[in-house]
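# Chain and residue survey
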Amino acid sequence: MQLGFIEEDGFQMEYVLTFGPSELACQLLVGLSRSMLLFIVTAGLSLVLGVLRVPNIAHGSLYMIGAFTAFTVSTVVGGAGGFWLSLIVAPLAVALVGLVAERILFCHLYEREHLMLLLFTFALMLILGDLVKIIWGAEYRSVTTASLLQGSFMIFGLPFPRYNLFLLIMGPLVAVALWLFVSKTKIGRISRAAAVDREMVGVLGINVSWVFATAFVIGCLLAGLGGALIAPTVSITLGMDHTIIIEAFLIVTIGGLGNMWGALIGSLIFGITHSFGVMFWPQFAIVFPYVAVVIVLLLRPRGMLKSVW
Amino acid sequence: MLEVEGIHTFYGLSHILFGVSLRVEQGEVVCLLGRNGAGKTTTMKSIMGLTPPKQGGIRFKGEGIVGKEPYLLARKGISYVPDDRRIFADLSVGENLEIAMRKARVGEGWNKEKVYEIFPALKDIESRRGGCLSGGEQKMLAIARALMGNPELLLLDEPTEGLAPVLVHALEDQIRRLREAGLTVLLAEQNVRSALRLSDRGYIIGNGQIRYQGSIEELKENEEVRKKYLLV
Amino acid sequence: MFRGIIDLKSLWLIGAIFIILLILPPIIPRFYTYILTLIFVTALLAMSLNLCVGYGGMFQFHHGVFYGVGAYTVALMLTKTSLPVWVGFIAGPIVAAAVGLLIGWFCVRLTRLYFGMLQISLGSLIWAIAFRWYTLTGGDDGIHGIPMPSLLSSLNSSYYFILIILVICLIVLYLIVKSPFGRTLQAIRDNPERCEAVGVNVRRHQLITIVIATFFAGIAGVLFVVLEHSVFPDLMFWVLSLEAFIMCLLGGWFTFAGPVLGAAIMISLRTFVGIYTEYWTLILGIVLILLIFFLPEGVMGYFLEKFKPRAKEVVERSSELNVAG
Amino acid sequence: MLQVEAVDKSFGDFMAVNRANLTVGKGELVAVIGPNGAGKTTLFNLITGQLKPDRGRITFKEEDISGLPPYHICKKGVARSFQIVNIFPRLTVFENVQVAVLSQQKRSSNLFRPAQNLAVEETNSILEDVALSDKIMDIAGSLSHGDQKILEIAIALGNEPELLVLDEPTAGMSPEETFATMGLIKKLASTRGLTILFCEHDMEVVFSFAQSIMVMHQGRTLIQGKPEEVRRNKEVQEAYLGD
Amino acid sequence: SSCKKAPKIERPIKVGIIDCYSGPPAVYANDALNGFKLALNEINKEGVLGTKIEFTKRDTKFKVDIGLSMAKELVMREKVDLLVGTVNSGVSLAVSDYVKGEKVPFIVWIAKSDRITGAKGHRYVFCTGENTAMIGKAAAVGLVKKPYVKYWIAGDDYEYGHALADGIWNNLKKTKPDVKLIGQSWWKIGEPELTPYITAILAAKPDAVIFCTGGASMTNILKTVKTTGMSEKVPIFIPTATDHAVLKPLGPEGPEGVMGTSDYLFYYPDTPANKTFVKAFKDAYGEPPGFPAFHAYITAHFIAEAFRKAGSLNIEKFIDAMEGLTIDSPVGKVEMRACDHQAVLPEYVGVTKKVPKYNFVIATDIITIPGPETMPTCKEIMKEREK
Ligand SMILES: Nc1ncnc2c1ncn2[C@@H]1O[C@H](COP(=O)(O)OP(=O)(O)OP(=O)(O)O)[C@@H](O)[C@H]1O
Ligand SMILES: Nc1ncnc2c1ncn2[C@@H]1O[C@H](COP(=O)(O)OP(=O)(O)OP(=O)(O)O)[C@@H](O)[C@H]1O
Ligand SMILES: [Mg+2]
Ligand SMILES: [Mg+2]
């Protein structure tokens, strides 16, 4: 792919590809760890999409709240303990926000048109965004991880951040936990049924409302966890919600809407193409996600895996 | 078992049921007959809590159930087979059944194997997507699914629609057997013949009101009913 | 032309509103004239989107791109070429429709959210071009100070120009919606499979709809340039598209005039609440939630219900009569 | 008029239609019967283009139509109704039928004439024929199940087809409506010269209306012939009729 | 001086502020607002032409269309005498074009596009902060003495990042023709995960890396630099990296050894004027001022001085007074250049380092590049504008 206009930057580039297998392997690992983080965030989005059939635009805001909460916990507690505690407290806090929103507002709207719910989550995004600003202010925030996870070690002669290794471990853990949850609670099955006919699921004696609430809260939990996990690597700012949300939607789309494993595949596609992409065509980084989606959807119009939508 | 007393049901602003009352005793099969658009389905839905009546009362086993959520009614022992099937298109046949599974209050209750005995055709297509089934297969599945909830009261809305004659007979046999096992059935039917064969009593509904009621014999003997509604 | 598709009472109402709008500018403060004009432009964008969303049932998630393409086209024609102004004005919508054809051609292969997401991706590629082609588009800074013919340079004259164009567009859109094409489109929204079975080429129909809608979005883009003399990539960013989508839902997406109302509400809220507090998005969010809870059919849908009760009563009474008799 | 020759359709490794044959002559009323899951609906889907056949040939008026998209086949004069109600739930009853009429008159892409005034007579006359004229302004989704089935047929009639394919047209209709509907269909067949292909489980309807009956079983054509012929056939009795 | 003789004016001077008070840039906008308020407190004690300066502010949400509406609202409805603001170059350029027609002065205080007072400059727009051309020149001056030949440029993929890159590279290439650009990477603004870029850059083994980035991305890149230990492997140059708003939240975790520029540092120059300003600011807001606060502070003083000099609220006279006006500022005298309405400011090039005095890293080994040296000449500007 060559976008002609890029050359007009006025630079003469003498770009040398000096990548050996070790660089590639290192880049693959970096990409994988990025995928894991994306997976944790998008799995929650996908769960909500699949069960409630709501494109939850506020998911990014919940993720942002997770990051800010992690900041507060880390600074109040401090040190390594602060970091580990933030990984527990932040998801729970976000889940609580989700629970309140669900029980007070959301649960009255399930009968509505799905697009009305989209409108609702948009409103929620606006509200949460400003609430974060009211609570935490506009300054850039930053937290540090436990010293165990700081710095990097050398792999194949290149530095690989320890924290990324940690993410590589967290991703599969979350995946397994989710798998247990989905298979134990039959939630996957109920969600596929509810996708077709919510009312009829109730007629069969299933309290759809609580199933939805649970799914929504778990979705929030994952958003919060994602936020807490990303907190140490970036500056925590307002606007984190906007940055993540479109990418998250694109990921769940190419994976297959509402399919949790689709979210995993989508995240892998994004993470890995991104990390190799910036190696080979770094100037075009901005369009990678979009191009990836276009290619996947043109080849597989309903995403990689079976979807509920 | 079930007492419906003067219910008025609306869809939005349009008034559909005008004081429908009916009773179903424990172990009875009662049918609800009437033309298209008479209000049979609406009555069923009102009982199931899908279109809660604005006025009037419904009692199930002596307990008022107006305004209760459908899932609570299902847990109390009412199952509903909708006339338009409402199969979960994305679930396989087996999953459609499993999702509806509830523990029986008494005895062993229904399970997949047992419903497959009634509808052997379903067993062969256990893993097929609900949305792919033929019309008749979907109807069987809808009935089987309702049974999986181990109901005490079964609301059957046009169970024989789209079923081949052989199956209609088989189904009738099964319903009879279920009744013997203590199941109570409220049946809405267009297939008058089949309904008359099955039921103990019948109600005839027209324009949202109960027009006639009585035992099957009484209905059959009534000249006007025969002409206007039964056409047999 | 309108016989049978609009009743006399509505016609009077609309006429009255139009006349009021015509005499307003000299008597209201300039700023309100500006806000009204901005509402007109945004309303046209939302209306064109609603052709796809409310009538066509398509998840047209990135409509803003076509608005932006229309705007950029005139902007570039007026700043980089010496062609007459009207050529730019015509080229805007045509280029937008051409881009709509291209993107739509891919999108109609997909359904619902997939359609929407593919459109977001394709649209974002176009956004990326506007965002990155610094030498042509001015990058994220955009192009400002686009020269307008002196006839359109004052606020009042652009107000009238935009109002007239808007009215013409609305009439055309109304005719389209009420035409067999529009009716078939609604049928497709409800049940595309059945539509195929009655002999409608669903994809082609949807594609034509997208092209028409993007054409009007292009006009809205041109009008934006007439009003603001500026273009910038925000016009093509997904946030703006989402806002336009929300306007449709908010105003009532199954009604014709709903999006206009939605646009008016969004623009006024953000302007007038923005004057008093920087937390206007918070207020906007709360207002939206209240509307969702209390006006589920959208604002316009609610008013239509309000205006109709007499008809409903008649129906109700007659049905009761039927039963009694 | 319509020839189905050795048509196959499989879903995965399941053969839903297996070398099925069917002949429909001009002006005939042909019924397809068979147990549930025999493949009747699938066969109809193959004829009207909702599905593409794996093998075999379907010709309509000497023209090969196998594998064409549904709207194309419809334009050639084949209209159908669906077994499981398939209407436009948010449109009014009138509009439901009008959409079909407009499409038939090739006016679907007309952008600037008010649809309100187009095809009104045709639509109304169809609705009158099927006795839905008192529900003209009702939203289709709010009709009762039986009325929706009637609307199903009305939509199909809107296409002014030469061949009308009806999938269990009277299922869910009250006895009275059933006979009214079948009477109407018969009348249409004679007055408009329609050819009709339908499937039904109501044997009374089938044997009193059909001029030719095709029996399907497990995707195969068992027999096609006159009603008496079919009734006498041993195989058919075993597989389907029961008693 | 002149103000004492001027006639008394009954109404206050109204300043409209448009800036982004939501989203990541809010941190800069708020800092600027504080600086402006501090200055107004000082100014209003004495008064301007016997009246006061008041302000109203509007949030742009970092969106050009909203910024434009808000600016129009301030001008048409609030009838402000002049506009100041914003952190966003796009908004600044759009508003600048609007005020040209309305003949209302607009003073840009944070946005760094050199087109504001360069190619797109006009009579009614002013700029009191550095711009990309100035940063580029300063950076080139800092880099030209270094022995590096093979460079890699990376940054935020938007106008600002690219303008910086252009500025630095063109100046560097001009003064040192043998430098080579071996690659560049551009990420989307706010990109949270920068490790893959760093790994890719390290794999290419450049002599030095220039990151052209700002705001929240800056924090991200500094963090990634730290975790990957990049600054120990390759020299890094980041324009505006020594900005306090960026380094402060990182605390002691900020990376050391990163070269960067800034046009204001609260700890340098260590002059009494700067100390007084910093102390006053700290007392009022609990934080030392960042560069936005400084810009806003001098903006207010420019406004006050210009009105005093003009002797009336007449806008044309105000503009005439602004041109060539020199005021005392925390960093010494600052002139508003008459030809392009750009404030002449020095640039400070330094290297980040931990010092015991602060619990965050600061710039050390600072070289001051005086204002005139970093700025394009008036001739160059006029040539730009004629294009
Ligand atoms: N898309 C599909 N995928 C898999 N199996 C299918 C699919 N569509 C139909 N079948 C199967 O093919 C068989 C024939 O279905 P069809 O709908 O043609 O039956 P039918 O004769 O119309 O039956 P009925 O009288 O019950 O309507 C059924 O067993 C059905 O489950
Ligand atoms: N969702 C709805 N909104 C408005 N009116 C409705 C709705 N559903 C049904 N109706 C109306 O209620 C009346 C009774 O419908 P109902 O479905 O109860 O009839 P039914 O006796 O079950 O008929 P059928 O035998 O045709 O299924 C009909 O006139 C129908 O038009
Ligand atoms: Mg019914
Ligand atoms: Mg069938």
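Model, not experiment: these values are computed from the prediction. (Residues numbered from 1 in each chain as written. Chains lettered and ligands numbered in written order. Predicted model: local features only at pLDDT ≥ 70, side-chain atom pairs only at ≥ 80, totals over all residues. Heavy atoms only, no water.)

### Some words on the state of the cysteines
- A full pass over the atoms with the stated rule returns one disulfide over all chains.
- The thiol of A:Cys107 is not disulfide-bonded; the next cysteine sulfur, from A:Cys220, is found 14 Å away. (Disulfide = S-S within 2.5 Å.)

### Considering the confidence of the model for chain C
All names here are of chain C.
- In the predicted model, chain C carries a mean pLDDT of 85, and 92% of its residues have values of at least 70.
- Mean pLDDT values for the elements of chain C range from 37 in helix α15 (residues 309-324) up to 94 in helix α10 (residues 202-228).
- Long-range and interchain partners of residues 309-325, a stretch whose pLDDT sits below 50, account for nine contacts in this model, where long-range means more than four residues apart. (pLDDT = per-residue confidence, 0-100. Helix = DSSP H or I, 4+ residues; strand = E, 2+ residues; numbered from the N terminus. Contact = heavy atoms within 4.5 Å.)

### Side note on the interface of chain A and chain E
- The partner chain E presents 52 residues to the 50 residues of chain A that form the contact.
- For the pairing of chain A and chain E, the buried interface totals around 4,100 Å² over both sides, and the portion due to carbon and sulfur atoms is 59%.
- Counting across the chain A and chain E interface gives two salt bridges.
- Between E:Lys188 and A:Glu247 there is a salt bridge whose closest N-O contact spans 2.9 Å.
- Elements with a contribution of two residues or more to the side of chain A that touches chain E: α1 (21-51), α4 (114-136), β1 (152-155), β2 (158-161), α9 (240-255) and α10 (260-280) of chain A.
- With five residues, α1(A) is the largest single contributor of residues to the side of chain A that touches chain E.
- Of the residues in the side of chain A that touches chain E, the class split is 24 nonpolar, 17 polar and nine charged. (Buried area = accessible area lost by both parts, 1.4 Å probe. Salt bridge = Lys/Arg side-chain N within 4 Å of Asp/Glu carboxyl O. Nonpolar A, V, L, I, M, F, W, Y, C, P; charged D, E, K, R; others polar.)

### Section: the packing of helix α12 (residues 291-310) of chain E against helix α13 (residues 315-322) of chain E
Residues and elements named next belong to chain E.
- Remark: α12 packs on α13, axes separated minimally by 8 Å, with the N-to-C direction vectors making an angle of 115°. What the angle tells us is that α12 and α13 run roughly perpendicular. For the pair α12 and α13, the crossing hand works out as right-handed. Residues Phe302, Ile303, Ala306, Phe307, Lys309 and Ala310 of α12 form the contact with α13, whose participating residues are Lys317, Phe318, Ala321 and Met322.
- Broken down by class, the residue content of the contact of α12 with α13 amounts to eight nonpolar, no polar and two charged. (Axes fitted to C-alpha atoms, helices over the stretch in contact; angles between N-to-C directions. Parallel < 35°, antiparallel > 145°, perpendicular 65-115°, else oblique. Left-handed = near helix turned anticlockwise from the far one by under 90°.)

### Considerations on the packing of aromatic side chains
- On inspection of all chains with the given rule, the structure shows 50 aromatic pairs over all chains.
- Both rings, one in E:Tyr264 and one in E:Phe294, keep their centres 4.5 Å apart while their planes meet at 10°; by these two values the pair is stacked. Here E:Tyr264, found in the loop between β10 (258-262) and α11 (272-285), pairs with E:Phe294, found in helix α12; they are 30 residues apart in sequence, far enough to count as distant. Considered together, E:Tyr264 and E:Phe294 belong to a single accessibility category, that of buried residues.
- Between E:Phe307 and E:Phe318 the ring centres are 4.4 Å apart and the planes differ by 35°, which places this aromatic pair in the tilted class. In this pair, E:Phe307 is assigned in helix α12 and E:Phe318 in helix α13, connecting sequence segments 11 residues apart. Taken as a pair, E:Phe307 and E:Phe318 share a single burial class, namely buried.
- Through pairs of rings, three or more aromatic residues link up here, namely E:Tyr264, E:Phe277, E:Phe281, E:Tyr285, E:Phe294 and E:Tyr297.
- The positively charged end of B:Lys54 is found above the aromatic ring belonging to B:Phe10, 4.3 Å away from the centroid.
- Over the face of the ring belonging to B:Trp110 we find B:Lys114, whose NZ or CZ atom lies 5.6 Å from the ring centre. (Phe/Tyr/Trp six-rings, centres within 6.5 Å; stacked < 30°, edge-to-face > 60°. Buried < 20%, exposed > 50% of the residue type's maximum accessible area, 1.4 Å probe, protein only. Lys NZ or Arg CZ within 6 Å of the ring centre and 35° of its normal.)

### A word on the site of ligand 1
- B:Arg128, B:Ser134, B:Gly136, D:Thr41 and D:Thr42 are the nearest of the 20 residues found near ligand 1.
- B:Cys132 places a main-chain nitrogen or oxygen 3.1 Å from a nitrogen atom of ligand 1.
- Contributing elements (two or more residues each) for the shell around ligand 1: α6 (135-148) of chain B together with β2 (14-24) and α1 (40-48) of chain D.
- For the shell around ligand 1, the per-class residue count stands at six nonpolar, 10 polar and four charged. (Near = heavy atom within 4 Å. Polar contact = N/O pair within 3.5 Å; in protein donor to acceptor, adjacent residues only side chain to side chain.)

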